[in-house]
Amino acid sequence: MRNMQQRIADRLGRLLIAGISWVVVAYLALPLIVVVAISFTTTEYLRFPPQGATFRWYWRFISDPTFVEAFVLSGGLAAAATAAALLLGIPAALVFARKRFPGSAALSAAFLSPLVLPTIVLGAAILQYASALGFARSFWALFAGHVVLVTPYVIRTTLASLSGMETTTEEAAQDLGATPAETFFLVTLPQIKPGVIAGALFAFINSWINVEVSIFNSTAQLETIPVKLFNYIQFNIDPTLAAVSAATIYIAIIAVVAIDLSVGIEKAAINTTADTRN
Amino acid sequence: MRITSTNAAFLMLGPVAFFVLFFLAPFSVLVGESFMRPDGGWTLANYTAVLGDAYYWGALLNTLLIAFWVSVVCFLLGYPLAYYTIFHARSVWVRRLIYVLLVTPLFTSNIVRAFGWIVILGRRGIVNESLLSIGLIETPLDILYSKLSIITGLAYILLPVMVLSVCSVLQGVDRSLIEAARDLGARPSRAFLAVTFPLSLPGVVAGSIIVFALSVSAYVIPSILSGGREMVTPILIFQQYTATFRPDIGATLSVVLLAVTLLLIGAYLLIFERRVRMAG
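Every value quoted in this text rests on a predicted model; they were computed, and no experiment measured them.

1. Notes on the overall build of chain A
Here is step 1: What chain A contains, in helices and strands, is 12 helices and zero strands.
Here is step 2: In sequence order, chain A lays out its α and β elements as α-α-α-α-α-α-α-α-α-α-α-α.
Here is step 3: Judged by the C-alpha coordinates and their principal axes, chain A covers about 80 × 70 × 30 Å.
Here is step 4: Every one of the 278 residues in chain A was classed for burial, and the buried ones make up 55%.
Here is step 5: Partitioning the intrachain contacts of chain A with sequence separation of at least 6 by distance along the chain shows that 71% fall at a separation of at least 24.
Here is step 6: Here chain A displays about 12100 Å² of accessible surface, and carbon together with sulfur accounts for 67% of that area.
Here is step 7: Looking at charge distribution, chain A has the averaged site of its 16 positive side-chain charges lying 10 Å from that of its 15 negative ones.

Laid out in structure tokens, this is it:
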């Protein structure tokens, strides 16, 4: 009898955990669903559930050159910052993974620190530094800040791939006379490619969505899409805003699918977002 | 791969140079600015001005209080989901769906996510409209533009970070330990409290530190969801650069924010490590 009561209690416990979990999952999805839904409304104001369905707000967004310019700037900035992050992050990860030297742990912690440092402070620091050197509020100031911000993602995923990889093939290649460069490009890189791709996608998207670093270094002519949305939302809350926002959500979904196809979302999410204590 | 010291130095040259030039140097300039007089001499005047001003203290306390509640909410909502994902979600597809729903918001700008909350919580938002239509309230509630809406928005944004941090540790928990506890007659709840939860604490600690640090430095959510009614330090910092043109005060506030955050995280880690040592 007691046994049965316990079994029922345990069952209820499991159900409770599952219940809470799905409510939390709904909480995660809700705001995004709402934004996408209202971007199709036929009304002039925000309405949920949307009334009818129209692409009007998307056309309004595409025919507004300031929005399109902001999209182009953000895309270019994110691509440039990601390219730089790969050039800086892969060699650094390779050395951290394959070579122990005094201070290597401290150096890797320093390289990863932009992940936890207040991004607003990074934005302020880059602005002051760039002002002192005369390139404040320029593309290059944005670029410098974004590279600092996103390189840790590349280092982290590349490092995870390198540490999980068998080193015997690398050693065999070197024993057979391959140069370090040949070994890296012909043996190592093909094996760590998924990690590098995931890191690049995380880097791209974190530059793409950044506000705090960008906002210090923006001008009316130099606005990334999140900064543009931030300035827009202060004065207008309308379906055009919903259409632009929804477009950024579609890009997020594309990136998530790309990551799932390259490394698997589960592995990528845990390796990149969670803290690495080793 | 064997890397010679010369090659290692060559590979590190670019990353270190970039890090020094665009991370270390900017931070040094920022810290330097906070100790600088307008005419160029050194001074502590900015710090006495900031630390002697009740307004700045109020904003800082508000910032820390919000970050504290955000961490608590993220833990309470995030832990069950992480636990469910690792131990109960058997199907690969269910786990995949959960991870997709965790990462997609992370890949969306804070502004877009805050905008979603404006639509949900606003005076003519979903919550108010539905409460009005079923007659529970007669006038719309002011949910938006309060401390509560900032906490809701920030917890929403940072929840995936907490969940993924706990997941990464739970995934590595040796399941035979939990089975041993069960075989020895422990009920699931007791096995959880005595074995699984203590083993998962590093994930909770790491997750809550990141959540706390990111809420303390959050600028976008408080400025959109406060409607100017709540003041937090990041908003003050931004104003110093763009509205009042006092970069020296802005730099000082940044250093104070950074120092207080690091101090609190350090104290938290210290308390946690002592508890672990006592338990062990």
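Now that the structure has been shown, we can carry on.
2. Focus on unusual backbone geometry
Here is step 1: For Arg137(A), which is not a glycine, the phi torsion comes out positive at approximately 50 degrees.
Here is step 2: For Arg137(A), the location among the structural elements is in the loop between helix 5 (119–133) and helix 6 (139–163).
Here is step 3: By relative accessible area, Arg137(A) is classed as partly exposed at 35%.
Here is step 4: A positive phi angle, close to 50 degrees, is found at Phe245(B), a residue other than glycine.

3. Considering the nonpolar core
Here is step 1: Of all hydrophobic cores here, the largest spans 178 residues; its most connected members are Val70(B), Tyr99(B), Phe107(B), Leu170(B) and Ile224(B).
Here is step 2: The leading source of residues in this core is helix 3 (residues 65–98) of chain A, at 16 residues.
Here is step 3: Not counting residues within four places of it along the chain, the set of residues in contact with Val70(B) comprises Ile151(B), Leu154(B), Ala155(B), Leu158(B), Val211(B) and Ser215(B).

4. Examining the packing of aromatic side chains
Here is step 1: With the rule as written, the count across this model stands at 39 aromatic pairs over all chains.
Here is step 2: Relative to Phe192(B), the ring of Tyr79(B) has its centre 5.9 Å away and its plane inclined at 70 degrees; by these criteria the two rings are edge-to-face. You can see Tyr79(B) sitting in helix 3 (residues 54–88) and its partner Phe192(B) sitting in helix 9 (residues 188–216), a full 113 residues away along the chain.
Here is step 3: A residue is classified by how much of its surface remains accessible, and Phe192(B), at 22% relative accessible area, is partly exposed.
Here is step 4: Among the aromatic residues, ring-to-ring pairing joins Phe61(A), Phe67(A), Phe71(A), Phe204(A), Trp208(A) and Tyr232(A) into one connected group.
Here is step 5: Against the face of Phe67(A) rests Lys228(A), its NZ or CZ located 5.0 Å from the ring centre.

5. A short note on a positive patch on the surface
Here is step 1: Where like charges cluster on the molecular surface, the positive patch consists of Arg7(A), Arg11(A), Arg14(A), Arg90(B) and Arg175(B).
Here is step 2: The leading source of residues in the positive patch is helix 1 (residues 2–38) of chain A, at three residues.
Here is step 3: Looking at the secondary structure, you find Arg90(B) in the loop between helix 3 and helix 4 (92–106).

6. As for the packing of helix 3 of chain B against helix 9 of chain B
Residue and element names in this part refer to chain B.
Here is step 1: Here helix 3 crosses helix 9 at 140 degrees, and the two axes come no closer than 9 Å. Comparing the axis directions of helix 3 and helix 9 gives the class oblique. For helix 3 against helix 9, the interelement crossing comes out right-handed. Along its contact with helix 3, which presents Thr63, Leu64, Ala67, Phe68, Val70, Ser71, Cys74, Phe75, Tyr79, Tyr83 and Phe87, the element helix 9 presents Phe192, Thr196, Phe197, Ser200, Val204, Ser208, Val211, Phe212, Ser215 and Val216.
Here is step 2: Of the residues in the contact of helix 3 with helix 9, the class split is 15 nonpolar, six polar and no charged.

7. Concerning helix 5 of chain A
All names here are of chain A.
Here is step 1: Under the 1.5 Å per step criterion, the end-to-end length of helix 5 is 21 Å for 15 residues, consistent within 8% with the ideal 21 Å.
Here is step 2: Of all the 15 residues making up helix 5, 12 are buried; the element is thus mostly covered by neighbouring parts of the structure.
Here is step 3: Where helix 5 is concerned, the buried positions are Thr119, Ile120, Val121, Leu122, Gly123, Ala124, Ala125, Ile126, Leu127, Gln128, Tyr129 and Ala130.
Here is step 4: The positive-phi residue at the C-terminal boundary of helix 5 is glycine 134, with phi of around 85 degrees.

8. Focus on the confidence of the model for chain B
The predicted coordinates of low-pLDDT regions are not to be read in fine detail.
Here is step 1: Of all residues in chain B, 98% attain a pLDDT of 70 or more, and the chain-wide mean is 87.
Here is step 2: The element-level mean pLDDT for chain B is lowest in helix 12 (residues 247–279) of chain B, coming to 82, with helix 3 of chain B highest at 94.

9. Focus on the pattern of salt bridges
Here is step 1: Counting across every chain of the model gives six salt bridges over all chains.
Here is step 2: Between Arg96(B) and Asp260(A) there is a salt bridge whose closest N-O contact spans 2.8 Å. Residue Arg96(B) is located in helix 4, and its partner Asp260(A) is located in helix 11 (residues 239–262); the two belong to separate chains.
Here is step 3: Salt-bridge contacts for Lys147(B) lead to Glu230(B); the nearest nitrogen and oxygen are separated by 3.9 Å. Of this pair, Lys147(B) sits in helix 7 (residues 147–172) while Glu230(B) is found in the loop between helix 10 (220–225) and helix 11 (233–242), placing the two residues 83 residues apart along the sequence.
Here is step 4: Assessed through its relative accessible area of 30%, Lys147(B) is described here as partly exposed.

10. Considering the interface of chain B and chain A
Here is step 1: Taken together, the contact between chain B and chain A spans 89 residues of the former and 95 residues of the latter.
Here is step 2: Considering only the side of chain B, the residues that lose the most area to chain A are Met1(B), Phe107(B) and Phe115(B), jointly responsible for 12% of the buried surface there.
Here is step 3: Taken together, chain B and chain A are joined by three salt bridges.
Here is step 4: With a shortest N-O distance of 3.3 Å, Glu266(A) and Arg95(B) are connected by a salt bridge.
Here is step 5: Counting across the chain B and chain A interface gives 12 residue pairs in polar contact (both at pLDDT 80 or more).

11. Topic: the packing of helix 11 of chain A against helix 4 of chain B
In a packed pair of helices, the relevant descriptors are the angle between the two axes and the axis-to-axis distance.
Here is step 1: Between helix 11 of chain A and helix 4 of chain B, whose axes approach to 10 Å, the crossing angle comes to 135 degrees. Between helix 11 of chain A and helix 4 of chain B, the angle is such that the two are oblique. The chirality of how helix 11 of chain A crosses helix 4 of chain B is right-handed. Within the contact between the two elements, helix 11 of chain A uses Ala252(A), Ile253(A), Val256(A) and Asp260(A) and helix 4 of chain B uses Arg96(B), Val100(B), Val103(B) and Thr104(B).
Here is step 2: Classifying every residue of the contact of helix 11 of chain A with helix 4 of chain B by side-chain character gives five nonpolar, one polar and two charged.

12. So, the side chain of Ser200(B)
Residue and element names in this part refer to chain B.
Here is step 1: Its location among the elements puts serine 200 in helix 9.
Here is step 2: Judged by relative accessible area, which is 0%, serine 200 ranks as buried.
Here is step 3: A polar contact of 2.6 Å, which involves the side chain of serine 200, links it to the side chain of tyrosine 79.
Here is step 4: Among residues more than four places away in sequence, those in contact with serine 200 are Tyr79, Val169 and Leu170.

Definitions and cut-offs
- Residues numbered from 1 in each chain as written.
- Chains lettered and ligands numbered in written order.
- Predicted model: local features only at pLDDT ≥ 70, side-chain atom pairs only at ≥ 80, totals over all residues.
- Heavy atoms only, no water.
- Helix = DSSP H or I, 4+ residues; strand = E, 2+ residues; numbered from the N terminus.
- Buried < 20%, exposed > 50% of the residue type's maximum accessible area, 1.4 Å probe, protein only.
- Contact = heavy atoms within 4.5 Å.
- Areas by Shrake-Rupley, 256 points an atom, 1.4 Å probe, with all protein chains shown as cover.
- Lys, Arg positive; Asp, Glu negative; His and termini not counted.
- Charge placed at Lys NZ, Arg CZ, Asp CG, Glu CD.
- Core = buried A, V, L, I, M, F, W, Y, C linked by side-chain atoms within 4.5 Å.
- Phe/Tyr/Trp six-rings, centres within 6.5 Å; stacked < 30°, edge-to-face > 60°.
- Lys NZ or Arg CZ within 6 Å of the ring centre and 35° of its normal.
- Patch = residues over 30% accessible without salt bridge, like charges linked within 9 Å, V, L, I, M, F, W, Y side chains within 5 Å.
- Salt bridge = Lys/Arg side-chain N within 4 Å of Asp/Glu carboxyl O.
- Axes fitted to C-alpha atoms, helices over the stretch in contact; angles between N-to-C directions.
- Parallel < 35°, antiparallel > 145°, perpendicular 65-115°, else oblique.
- Left-handed = near helix turned anticlockwise from the far one by under 90°.
- Nonpolar A, V, L, I, M, F, W, Y, C, P; charged D, E, K, R; others polar.
- Expected span 1.5 Å × (residues − 1).
- pLDDT = per-residue confidence, 0-100.
- Buried area = accessible area lost by both parts, 1.4 Å probe.
- Polar contact = N/O pair within 3.5 Å; in protein donor to acceptor, adjacent residues only side chain to side chain.

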